[in-house]
Amino acid sequence: MKGPDLSRGAAVYAEACASCHGAKLEGQPEWRSPGPDGRLPAPPHDETGHTWHHPDSVLFRIVKEGTASVVGGGYKSDMPGFGGDLSDAEIRAVIAYIKSAWPERERSYQERVSQGN
């Protein structure tokens, strides 16, 4: 079975994600504190953020549907859904690219969470 296309994931990330989440997955400054509009800045996707705490299914839905759609309850977010712009394969490639940058500890934890363990 062929693995994820990390080069495609990197290209899609650079095009669709880096403007908010940073070219090096670093996120926006003060990402834990809401801005004047009450919305949180874009979090980092490296090991300093919380992306690795979520299972693949949640990460996929956030990218495809947008954070507010996944969180619900009137949550407001600047993270749009990219389902109209990216194919499912491109979304999976972006997630694989992000995960490839994590240290072993974070990758292992996220893999267990994704498997339901």
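In the block above lies the structure referred to throughout.
Fair warning: this is a prediction, and the values are worked out from it, not measured in the lab.

Peer 1: Tell me about the nonpolar core, and please be specific about residues and values.
Peer 2: Ranked by size, the top nonpolar core spans 16 residues in total, and within it Tyr 13, Leu 86, Ile 91, Val 94, Ile 95 and Ile 98 carry the most contacts. When residues of this core are traced back to their parent elements, those giving at least two are helix H1 (6-16), helix H3 (56-65) and helix H5 (88-100). Per-element tally for this core: the top contributor is H5, with 4 residues. When near neighbours in sequence (up to four residues on either side) are disregarded, Val 94 contacts Gly 9, Val 12, Tyr 13 and Cys 17.

Peer 1: Which residues make up the environment of Met 79, and what are the values?
Peer 2: Mapped onto the secondary structure, Met 79 falls in the loop between helix H4 (67-71) and H5. Given a relative accessible area of 22%, Met 79 falls into the partly exposed group. Separated by 76 residues in the primary sequence, Met 79 and Gly 3 have C-alpha atoms spaced 27 Å apart. With near-sequence residues (within four places) excluded, Met 79 lies in contact with His 21, Ile 62, Val 63, Gly 66 and Thr 67.

About the thresholds
- Residues numbered from 1 in each chain as written.
- Predicted model: local features only at pLDDT ≥ 70, side-chain atom pairs only at ≥ 80, totals over all residues.
- Heavy atoms only, no water.
- Core = buried A, V, L, I, M, F, W, Y, C linked by side-chain atoms within 4.5 Å.
- Buried < 20%, exposed > 50% of the residue type's maximum accessible area, 1.4 Å probe, protein only.
- Helix = DSSP H or I, 4+ residues; strand = E, 2+ residues; numbered from the N terminus.
- Contact = heavy atoms within 4.5 Å.

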